[in-house]
Amino acid sequence: MNIILPRRKDGQTPPTISLDSKQSLVVIGANGAGKTRFTRTLVDSLGNDSYRLSALTALYGRSPQGDADSQKAIKKRLSPMVVSNAEGKGVPTVLELLLGQLMHDEMVNLIGYKLALADGAKAKLRRTRLDKVIELWQEVFPGNRVLIDSGKILFSRGLDVSSYSSMTLSDGERAVLYYAAAILYAPKNAVIFVDSPEIFLHPTLTSSLWNRLESSRSDCIFCYTTHDPEFASSRNGAQIIWVRDCEPSQEAWDYDILPRTSGIPEELYLSLIGARKPVLFIEGDNRSIDARLYPLIFPDYTVSSLGSCNKVIEATRTFNDLTGFHKMDSSGIVDRDRRNEEEVSYLRRKSIMVPDVAEIENIFILEDVVRAMAKNAGKDPDRVFGKVKKAVVHLFRSEVHSQALQHTRHRIKRTMEYRVDARFENINMLEEHLSKLVVELDPRRTYEEFCRLFNKYVGDSDYESILQVYNQKSMLSNCNVAPMCGFKNKDSYINGVINLLRGQGPLTDQVRQAVKRCLHVEEKYQTNEKE
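Computed from a predicted structure; not experimentally measured. (Residues numbered from 1 in each chain as written. Predicted model: local features only at pLDDT ≥ 70, side-chain atom pairs only at ≥ 80, totals over all residues. Heavy atoms only, no water.)

(A) Spatial organisation of helix 5 (residues 94-118). A rise of 1.5 Å per residue sets the reference length of helix 5, with its 25 residues, at 36 Å; its end C-alpha atoms lie 36 Å apart and thus fit the reference within 8%. Turning to helix 5, its buried residues number three or more, namely Val94, Leu95, Leu97, Leu98, Leu99, Gln101, Leu102, Met103, Glu106 and Asn109. Positive phi appears at glycine 120, one or two residues downstream of helix 5, with a value of about 80°. (Helix = DSSP H or I, 4+ residues; strand = E, 2+ residues; numbered from the N terminus. Expected span 1.5 Å × (residues − 1). Buried < 20%, exposed > 50% of the residue type's maximum accessible area, 1.4 Å probe, protein only.)

(B) Representation of the pairing of strand 7 (residues 191-195) in the model. Counting buried residues along strand 7, five of its five residues qualify, which places the element largely inside the surrounding structure. The two faces of strand 7 match: Val191, Phe193 and Asp195 on one face and Ile192 and Val194 on the other face are all buried. Pairing analysis gives five bridges linking strand 4 (residues 50-54) to strand 7, with the strands arranged parallel. When the bridges of strand 7 are listed, leucine 53 appears paired with valine 194. (Pairing = 2+ DSSP bridges.)

(C) Seen up close, the sheet that holds strand 8 (residues 221-226). What the six strands build is an open sheet, ordered 4-7-8-3-9-10; its pairing is mixed. Unpaired on one side and paired on the other, strand 4 and strand 10 (252-257) mark the two borders of the sheet. The sheet shows a mean angle of 20° between the axes of neighbouring strands, direction not considered. Across four bridges, strand 3 (residues 25-28) lies against strand 8 in parallel orientation. The partner of leucine 25 across the bridge, within strand 8, is cysteine 223. Against the sheet, helix 7 (residues 171-184) contacts strand 4, strand 7 and strand 8, and its axis sits at roughly 170° relative to strand 4. Sheet strands touched by helix 8 (residues 203-216): strand 7 and strand 8. Its angle to strand 8, the strand with the most contacts, is close to 150°. (Axes fitted to C-alpha atoms, helices over the stretch in contact; angles between N-to-C directions. Contact = heavy atoms within 4.5 Å.)

(D) Structural detail: the packing of aromatic side chains. Scanning the entire structure with this criterion turns up 17 aromatic pairs. Between tryptophan 210 and tyrosine 224, the ring centres sit 5.3 Å apart and the planes meet at 80°, which makes this aromatic pair edge-to-face. Residue tryptophan 210 is located in helix 8, and its partner tyrosine 224 is located in strand 8; the two are separated by 14 residues in the primary sequence. Residues tryptophan 210 and tyrosine 224 agree in their burial class; the two are buried. Aromatic pair phenylalanine 487 and tyrosine 493: ring centres 5.8 Å apart, planes at 75°, arrangement edge-to-face. Taking relative accessible area as the criterion, phenylalanine 487 reaches 22% and is therefore assigned partly exposed. Site record: aromatic cluster; members linked through ring pairs are Tyr178, Tyr179, Trp210, Phe222, Tyr224 and Phe231. Between the NZ or CZ atom of arginine 8 and the centre of the ring of tyrosine 255, over which it lies, the distance is 4.7 Å. Across the ring face of tyrosine 60, the terminal group of arginine 174 is positioned such that the distance to the ring centre comes to 5.3 Å. (Phe/Tyr/Trp six-rings, centres within 6.5 Å; stacked < 30°, edge-to-face > 60°. Lys NZ or Arg CZ within 6 Å of the ring centre and 35° of its normal.)

This is the structure in structure tokens:
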């Protein structure tokens, strides 16, 4: 089916998308972006081919503006007698109408079966819509049962012999019941529009439920309107439309068809573009030091933790490759680890910030950070920093050789990766190349160079350079910065820095600026301005 999308704010010709029953459509956007109005325009353009569902309307009779068409669409598919009888008893919800129709169809099926038997014909009970609804509902909620008693659909739980009506079910249970029934009454080959498919449902249930519902009507195309990136990404192979904004007076929208991404999960991509702020990718998980520190350093960014440095680098590259679509800047931050200046410069050119310290723990003992924390605790900043510096130099002196060996190993490994990745015409050329590598790499010479350099740092008490090359997580504890600043241990000291950054004042600014200088933030912005 070809679907012409609504009018665009920029005046460009609205695109046409082609969908089949194996591919769904997802309209996603932030609250207030105009996605519901966008969907309504699609519904109107398809006329009788459209069939709109809303659990909010079905369960409570309340709906967003203009959503009454979801009630009308279902009523048109029901028996006039069922609707009339239900309305004669009050104002029924759509769910109540559907349950009434299910029982009506069941009775018609049973009567037809009995009449056939009475006439002596071979008869077989057909599998009805009610059978399908019961089957799906009990699959979704194992241990719960659906009962038919005196022409009513009742429910029970576990081994409990008592039963209850649909009105006592939870919102989630009733939503599943509604969707299961309503979808079965959709016209053949219809486009089924679903508003907020995740509403009332637990996240662990939503994806599998809609997979089941889609398979129950494999002839139909499903179109979802949502603000939930997790749900949108769960629709494998779906065509996703991101609605940014709407001009109601013109019935026009700012929207785009989401391009396929590689190197960044679709769910993450959707959540980031929905945030409408520059994006900062960082290492670690949501509980890491990185995730606690960097949002406070960059409050105007949407910060996303991706785990490994390779994921950060790839996601930043991918996101920036798609700036023509989302029009947002993105950056990344990775630990320096044992990268040399050439590697660091390359990453910075790719919008990846690399701090002037070996790992994130070292940021907490930058000179200005230590001085700010000491002053905040009522201590003498000169005295505290002097002791911390002396301790760090002493610790590094005791590990010069082991640190030099680790840096040598990293340098050799990186060089070998580059050299072995070269192109060779045949195996002989590769063998000859590898036989020369050990001589070319000369690991002992590299190791001795690192030893000389590191010993110079120690001799000069070059605190900044030591922090740049010293990979040792225990250093933060062993340099005694925590007790000297009035904290019990390194974790409470880290929490102290984080709490200081949550506030305001000169010391907060001092810490924030120290971290930004360490990340070369000013250089990054100056480079972008020149470009």
